[in-house]
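Each chain, written out:
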Amino acid sequence: MAEPKTNELMETLASLCKRRGFIFQSSEIYGGLNGFWDYGPLGTELKRNIKEQWWRSMTLLREGVVGLDASIIMHPRVWEASGHTSTFSDLMVDCLLTKKRFRADQIESQSGTAYFYTGAADAAAGKESKDTFSVLIETGKHPGYAREVARQFYQQRGLNEPVLEGERSEPVQNTVRYNPENGSLLTEPRPFNLMLKTCVGPVESADNVSYLRPETAQAIFVQFKNVLEVSRQKIPFGICQIGKAFRNEINPRNFTFRSREFEQMELEFFIRPDEAVEAICGRVAKPPGPGHPGEPQPDWGWQLWHQYWVEERLRFYESIGLPRASLVEYWQKPEELAHYARATVDVLYKFPFGKRGQNGELLGEELEGIAARGDFDLSQHQQFAGRPMSVLDEELKAAWPRLDPAKQAELSERFFQSRLKGLLTAGHNPGVAEKQARQDAEGLAKGHYIPHVIEPSAGVDRLALALICEAYSQDQAPDEKGRLETRVVMRFHPRIAPIKAAVFPLLKNKPELVQKAKEVRSLLRPHMSVFYDEAGAIGRRYRRQDEAGTPFGVTIDFDTLGEKGPELKDTVTLRDRDTMKQDRVRIADLVPMLTARIR
Ligand code: GAP
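Everything in this summary refers to the structure shown in the same document. What you see is a predicted model, and the numbers here were worked out from it, not measured in a lab. (Residues numbered from 1 in each chain as written. Predicted model: local features only at pLDDT ≥ 70, side-chain atom pairs only at ≥ 80, totals over all residues. Heavy atoms only, no water.)

1. Some remarks on the overall build of the protein
Phase 1: Summing up its helical and strand segments, the protein has 17 helices and 29 strands in all.
Phase 2: Counting only C-alpha atoms and orienting by the principal axes, one finds that the protein spans roughly 90 × 90 × 55 Å.
Phase 3: Across the 599 residues in the protein, those meeting the buried criterion constitute 52%.
Phase 4: Considering only contacts within the protein whose residues lie at least 6 apart along the sequence, 67% involve residues at least 24 apart.
Phase 5: Only carbon and sulfur atoms are counted for the fraction: they give 51% of the accessible area of the protein, which is about 28800 Å².
Phase 6: In the protein, 81 positive and 83 negative side-chain charges are present, and the distance between their average locations comes to 3 Å. (Helix = DSSP H or I, 4+ residues; strand = E, 2+ residues; numbered from the N terminus. Buried < 20%, exposed > 50% of the residue type's maximum accessible area, 1.4 Å probe, protein only. Contact = heavy atoms within 4.5 Å. Areas by Shrake-Rupley, 256 points an atom, 1.4 Å probe, with all protein chains shown as cover. Lys, Arg positive; Asp, Glu negative; His and termini not counted. Charge placed at Lys NZ, Arg CZ, Asp CG, Glu CD.)

Structure follows, in structure tokens:
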């Protein structure tokens, strides 16, 4: 029942995005390219603000996180080490009739009557096909439909007038083997690697195949040692990056939600293994309970660091206008976890589309994943590149000899077991893994270890879409003649609103008003994005900015010029987008007043 409404809402949003210049289809004049999008003037500002807020919250406002801006194409061995070459794939199925491709996990389960055919013959043409085929139709629907679909299938095999052979039917429950759009049988699921390939250099050959990065994270791991050295950081510390990523998604959908080119904002936060924390602090703190665990402490192990980042990220989303109630914190079940992950929390946003619960309620779709990845990534790059990725932790080196021998032995053994498990999970040969894990345990006693990682990984485009969905609203507002009309308002948080303030002279044919308005625009411009508009009735101009999501409207009228007395001279009306309330404000107060609200 709710689905058509949902689609309608997404269609309304997509059309608003196009009309107002948030998002356009890529290459639209050539018919578009599925899974690729362009951001127009408002969308560009929105994305810039999202990235700026993320960068501020991840680096500028905290200690111990530095940035990286790495290339999109990297050495192909990077993707072997990370596992993307062998395992970064989705299962796909093709419709046997239309060849349309689907992600296997996106086929909805269906029930009905399946019609099976052993082949078909065209006696007049002397041709036959022994390909088997099957069609699912609703129980009770005329079998003629199934036969028509089957005939099309055999026509594609060169039979002009196919006579179907061996028809039989049976009821089928909860199957995902048929195309929900036409009932045709699908191919068996098979893996499809999602990395987009290219060739580097003038010769196209298997030797110079490279990939557009499917995530920004790997560059951070690969540059970990360089960044550590130049930034003079100590564990725990983080490296973050914002940049493009590419995935050849089988079925891009839900507007920009699943695209083939998108931007990620990723932090790799490097922490001590728990055994090192215990050696230094005498214990590893236990999570005190749900919620934010407070300021980081030296005795935090991976669990507390993970919890800390989940809560920090939720706070971030709230700070830019996604209320807590619109978000879902989803803890992946053990069977859902990637093989290297100890825990992963997905932050879901309740988009108007996506999975629904038993009562039709929206369950949300992923905005961000926060994974505790152990030492998998650095360990893999150490192995594949043959370069050490371990660090020397002076505190650990000093603390270890002070431990009593029984504690040393216990921590060494635990560390050995944990390394061994990691290496075996990553597919290393047991003999080699055991030798390596033993060496690493000896290294721990001298203060060396490969850092563990907590990774909050978010998508810029998904967040932009969530903010657009959240901002969209309609209310009633009086028009020029005082009649109520429907107003479309994008209620963006001022921090991420594409345009912060619109400046309007009340009338465009009064040079004194226009001149003053332009002065106000120049005053605000160095501090925020400003839009100047003198065209049309003031009410229409307000509406246009409401739809663009501009939180503040500044109107220059005759009072500003002092025509109603000196006390109002150099004051303007400041209109609030959401309440439509207008206040009289001194021009001199505008900058501090507005900057306080947009920061
Ligand atoms: N380094 C970990 C990683 O890449 P992921 O869950 O595959 O993890 C992280 O991706 C985030 O990137 C997702 O939560 C989502 O916001 C964004 N993302 C992933 N695939 C996307 C796609 N096809 N289109 C838009 N955003 C995508």
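2. Quick look at the sheet that holds strand β12 (residues 190-193)
Phase 1: Strand order in this open sheet of 3 strands is β5-β4-β12, and the pairing throughout is antiparallel. Two strands in the sheet have a free side with no partner beyond their single neighbour: β5 (101-103) and β12. Averaged over neighbouring strand pairs, the angle between their axes works out to 50 degrees when direction is ignored.
Phase 2: Bridging between strand β4 (residues 89-94) and β12 involves 4 bridges; their strand directions are antiparallel. (Pairing = 2+ DSSP bridges. Axes fitted to C-alpha atoms, helices over the stretch in contact; angles between N-to-C directions.)

3. Some points on the nonpolar core
Phase 1: With 63 residues, the main nonpolar core has L463 and F492 as its most contacted residues.
Phase 2: Setting aside residues up to four positions removed in sequence, F492 forms contacts with F22, L46, L467, I468, A471, A497, P498, A548, G549 and R577.
Phase 3: A217, F270, L403 and L423 belong to the second largest nonpolar core, which has 45 residues in total. (Core = buried A, V, L, I, M, F, W, Y, C linked by side-chain atoms within 4.5 Å.)

4. A short note on the pattern of salt bridges
Phase 1: The full count for this structure, using the stated rule, is 56 salt bridges.
Phase 2: Between D105 and R103 there is a salt bridge whose closest N-O contact spans 2.9 Å.
Phase 3: What makes D105 exposed here is its relative accessible area of 56%.
Phase 4: Of the residues examined, R103 reaches a relative accessible area of 10% and is grouped as buried.
Phase 5: In this structure, R491 engages D475 in a salt bridge whose closest nitrogen and oxygen atoms are separated by 3.1 Å. One end of the pair, R491, is in the loop between β24 (484-490) and β25 (501-505); the other, D475, is in strand β23 (residues 472-478), with 16 residues separating them in the sequence.
Phase 6: By relative accessible area, which is 18% here, D475 ends up buried.
Phase 7: Residues joined in a network through salt bridges with shared partners are D475, E485, R487, R491, R540, R543, D546, R575, R577 and D578. (Salt bridge = Lys/Arg side-chain N within 4 Å of Asp/Glu carboxyl O.)

5. Thoughts on the site of the ligand
Phase 1: Around the ligand, a shell composed of 19 residues is seen, among which E215, E249, S259, E266 and E366 lie nearest.
Phase 2: Contact distances for the ligand include 2.7 Å between a nitrogen atom and a side-chain N or O atom of E215.
Phase 3: Between a nitrogen atom of the ligand and a side-chain N or O atom of E249, the distance comes to 2.8 Å.
Phase 4: Contact with the protein chains removes 89% of the 560 Å² of surface that the ligand exposes when unbound.
Phase 5: Where the shell around the ligand is concerned, the elements lending two or more residues are β16 (261-271), β19 (365-374) and β22 (452-459).
Phase 6: Across the shell around the ligand, the residue classes tally to 5 nonpolar, 5 polar and 9 charged. (Near = heavy atom within 4 Å. Polar contact = N/O pair within 3.5 Å; in protein donor to acceptor, adjacent residues only side chain to side chain. Nonpolar A, V, L, I, M, F, W, Y, C, P; charged D, E, K, R; others polar.)

6. Considerations on the packing of aromatic side chains
Phase 1: Within this structure, the stated rule accounts for 23 aromatic pairs.
Phase 2: Considering the side-chain rings of W300 and W305, the 5.1 Å spacing of their centres and the 80 degrees angle between planes classify their relative orientation as edge-to-face. You'll find W300 and W305 in the same group, each marked buried.
Phase 3: Centroid distance Y308 to W309: 5.2 Å. Interplanar angle 80 degrees. Geometry classified as edge-to-face. (Phe/Tyr/Trp six-rings, centres within 6.5 Å; stacked < 30°, edge-to-face > 60°.)

7. Quick look at the environment of S129
Phase 1: Within the fold, S129 resides in strand β8 (residues 127-129).
Phase 2: Here S129 falls in the buried class, since its relative accessible area comes to 6%.
Phase 3: Taking the C-alpha atoms as reference points, S129 and E165, separated by 36 residues in sequence, lie 9.6 Å from one another.
Phase 4: The contact partners of S129, leaving out residues within four places of it in the chain, are T118, G119, A120, Y154, R157 and L159.

8. Observations regarding the sheet that holds β8
Phase 1: Strand order in this open sheet of 3 strands is β8-β7-β10, and the pairing throughout is antiparallel. If you trace the sheet from one side to the other, it starts and ends with β8 and β10 (163-165), each paired once. Averaged over all pairs of adjacent strands, the angle between their axes in this sheet comes to 20 degrees, without regard to strand direction.
Phase 2: The strands touched by helix α5 (residues 143-155) are β7 (119-122), β8 and β10; relative to β10, the strand with the most contacts, the crossing angle is about 100 degrees.

9. Quick look at the pairing of strand β29 (residues 582-586)
Phase 1: Where strand β28 (residues 571-576) and β29 come together, 5 bridges link them in antiparallel fashion. Among the inter-strand pairings, L574 is bridged to a residue of β29, identified as D583.
Phase 2: In this antiparallel pair of consecutive strands, β28 and β29, the connection spans 5 residues, and M580 shows a positive phi of 65 degrees.

10. As for helix α16 (residues 538-548)
Phase 1: A large share of α16 lies buried, amounting to 9 of its 11 residues.
Phase 2: Considered for burial, the residues of α16 that qualify are I538, G539, R541, Y542, R543, Q545, D546, E547 and A548.
Phase 3: Positioned one or two residues after α16, G549 has a phi angle of 85 degrees, which is positive.

11. Digging into the packing of helix α12 (residues 405-425) against helix α13 (residues 430-445)
Phase 1: Following both chains from N to C, one finds α12 and α13 inclined at 145 degrees, their axes separated by 8 Å at the closest point. Crossing of α12 against α13: the hand is right-handed. Contacts between α12 and α13 involve S412, E413, F415, F416, R419, L420, L423 and L424 from the former and P430, A433, E434, Q436, A437, R438, D440, A441 and L444 from the latter.
Phase 2: Class assignment of the residues belonging to the contact of α12 with α13 gives a composition of 10 nonpolar, 2 polar and 5 charged. (Left-handed = near helix turned anticlockwise from the far one by under 90°.)

12. Some words on α12
For an α-helix the count is 3.6 residues per turn, leaving residues at separations of three or four pointing the same way.
Phase 1: Helix length check: α12 (21 residues) gives 30 Å between terminal C-alpha atoms against 30 Å at 1.5 Å per residue, within 8%.
Phase 2: Residues of α12 that are buried include every one of L411, S412, F415, F416, R419, L420 and L423, and no others. Within α12, the buried residues cover an arc of 170 degrees as seen down the axis, which keeps them to one side. When the buried face of α12 is taken as reference, the exposed residues oriented beyond 90 degrees from it are A406 and K421.
Phase 3: If you follow the buried residues of α12, they end up packed against α8 (274-281), α10 (376-385), α13 and β21 (448-449).
Phase 4: With a side-chain oxygen positioned 3.1 Å from the backbone nitrogen of A406, the residue opening α12 is D404.
Phase 5: A positive backbone phi angle near 95 degrees is found at G427, which sits one or two residues after α12. (Expected span 1.5 Å × (residues − 1). Arc of directions from axis to C-beta.)

Taken by themselves, the reported measurements are silent on function.
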